[in-house]
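# Analysis of the macromolecular model
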Amino acid sequence: MQALLIQAGQRLVVDCPSPSLSRLLSEGGAGAWRPSGTDTADVRVEVQSHNRPFDVRGWAPLCRGGYARDDAVVLSNACGSGFDLRLTVAARRLLVEARWSPPARERLAARLLRSRFHLLARAALLQYPALWWAGCRGRVPVHAGAVTLGTAVPLLAGPGGVGRSTLVLGAVTAGERACSDNLCVTDGVDVHGLVEPMRLQGGRGRHMSYGRTERPLLGRVDALRPDRLVVLRKAVAGRPTVRPLEPGQAARSLVTATYLAGELRRYWPFAAALALGTGRGPAHPPVESVALRLVRRLPAVELTLGDRPEEGLAALYRLASETLERAEATP
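Criteria and cut-off values
Residues numbered from 1 in each chain as written. Predicted model: local features only at pLDDT ≥ 70, side-chain atom pairs only at ≥ 80, totals over all residues. Heavy atoms only, no water. 1 Å grid on protein atoms, 1.4 Å probe; cavity = no way out; pocket = protein on both sides within 12 Å on 5 of 7 lines; lining within 4 Å. Points joined across faces, edges and corners; volume = space filled by probe spheres on them. Helix = DSSP H or I, 4+ residues; strand = E, 2+ residues; numbered from the N terminus. Nonpolar A, V, L, I, M, F, W, Y, C, P; charged D, E, K, R; others polar. Core = buried A, V, L, I, M, F, W, Y, C linked by side-chain atoms within 4.5 Å. Buried < 20%, exposed > 50% of the residue type's maximum accessible area, 1.4 Å probe, protein only. Contact = heavy atoms within 4.5 Å. Pairing = 2+ DSSP bridges. Arc of directions from axis to C-beta.

To continue, consider the layout of surface pockets. The calculated volume of the second largest pocket comes to roughly 340 Å³. When contributions to the lining of the second largest pocket are tallied by element, the ones reaching two or more residues are helix H2 (104-112) and helix H6 (267-278). For the lining of the second largest pocket, the leading source of residues is H6, giving three residues. Residues of the lining of the second largest pocket, tallied by class, amount to seven nonpolar, four polar and four charged.

In structure tokens form, the structure reads like this:
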């Protein structure tokens, strides 16, 4: 496998000779892979065929299982995936060399807990390196997804399980476009999607945790510029309700949803290790300051979904727009 993925706004090229790992990575790209051609990679991932540990003799200990030298970091069993990674910053790009060299426990878990292994391997090889490199270029991860609704582009935020993926699926099935339903990176103006399969209740596809299955996100685009922030909440019962949010409230909701995201739980120490070992990028992604920059330019509402969101995103968005118009008209 040699292919290109536009991941978090980065050109990520993967070279993987293993047929089984190539199938895993192909699935993780959710139909968004492109021929690599002659494109210059921002992040290049080389999955090596042998499993010898990286030689870290003479390297400085960085953290448990981590070593650093010059502009390179070695992480053993990165993110609990079973892959050892050597990440090197060179010539304005990030090179990731990966070797499958798991401890006995991770090897057993990879066999028995296949969905867990797929998620961790995707994170270590396809997602976290691109997220970190995007962070070195002024973008931060947020737990949100942007989707078109005609000429409007709402950014949908909120904690996991609130129903965002279902709303996005309904919109793209009706012909709209989305850059992500779950995670993206932003500099406070544009959002760039993180490519991963959608995980929804029921249906066909790979079975994952919590009774969900995976499917590609239809109508995917690499990036969008949102014009409104919609913070989603879930009600036990009742009809949908909407209220305007002050910028401080909106930013707080976006930041807390991001830190609650299970998909990013292993990212923060990954990013910190690379920042410490290479001296590149922020010691901690400035999620709060970028969220504030975003909400200062976007009107924001909190949309509490009812117990039956059959109205769909377009109808709910009209309700949100009407609420904002009334709020703006009130002296």
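Scanning the entire structure with this criterion turns up two cavities of 30 Å³ or more. Computed from the structure, the largest cavity encloses a volume of approximately 60 Å³. Around the largest cavity sit Trp132, Gly135, Arg139, Val140, Pro141, Tyr267, Ala271, Pro282, Pro285 and Pro286, which together line it. Of all the secondary structure elements, the ones that give two or more residues to the lining of the largest cavity are helix H3 (114-135), strand S10 (140-142) and H6. Each residue belonging to the lining of the largest cavity can be placed in one class, and the counts come to eight nonpolar, one polar and one charged. The computed volume of the second largest cavity comes to approximately 30 Å³. Classifying every residue of the lining of the second largest cavity gives four nonpolar, three polar and two charged.

Turning next to the nonpolar core. Grouped together as the largest cluster of nonpolar side chains are 77 residues, with contacts concentrated most on Leu25, Phe83, Leu85, Trp132, Tyr267 and Phe270. In contact with Phe270, other than residues within four places in its own chain, are Leu75, Cys79, Leu85, Leu87, Tyr128, Pro129 and Trp132.

Attention now goes to the pairing of strand S9 (residues 93-100). A large share of S9 lies buried, amounting to six of its eight residues. Relative to S9, strand S4 (residues 43-47) runs parallel, the two sharing five bridges. Directly across from Val45, in S9, lies its bridge partner Val96. Hairpin connection between strand S8 (residues 83-90) and S9: a loop of two residues separates the two successive antiparallel strands, and Ala91 in this loop has a positive phi of roughly 50 degrees.

Here we take up H2. Considered for burial, the residues of H2 that qualify are Glu106, Ala109 and Ala110. What you see down the axis of H2 is that its buried residues fit within an arc of 105 degrees, all on one side. Exposed and oriented more than 90 degrees from the buried face of H2 are Ala104, Arg111 and Leu112. Here the buried face of H2 lies against S9 and H3.

Take helix H4 (residues 164-173) next. When you tally the buried positions in H4, you get seven out of 10 residues, the bulk of the element. By the burial criterion, the buried members of H4 are Arg164, Ser165, Leu167, Val168, Leu169, Ala171 and Val172. Once H4 finishes, Gly175 follows within two positions and takes phi at roughly 110 degrees, a positive value.

Let us look at the sheet that holds S10. Strand order across the open sheet formed by four strands is S10-S13-S14-S17, with antiparallel pairing between neighbours. At either margin of the open sheet sits one strand with a lone partner, and together these are S10 and strand S17 (223-224). For strand S14 (residues 191-193) and S17, the ladder comprises two bridges, and the chain directions are antiparallel. From the neighbouring strand, Val191 faces S17, where its bridge partner is Leu224.

In spatial order, the strands read S3-S1-S2-S4-S9-S8-S7-S6-S5; together these nine strands make up an open sheet with mixed pairing. For this open sheet the edge positions go to strand S3 (34-35) and strand S5 (60-63), each flanked by a neighbour on one side alone. Bridge analysis of S5 against strand S6 (residues 66-69) gives three bridges, and the strand direction is antiparallel. Across the sheet, residue Pro61 finds its bridge partner in S6, namely Tyr67.

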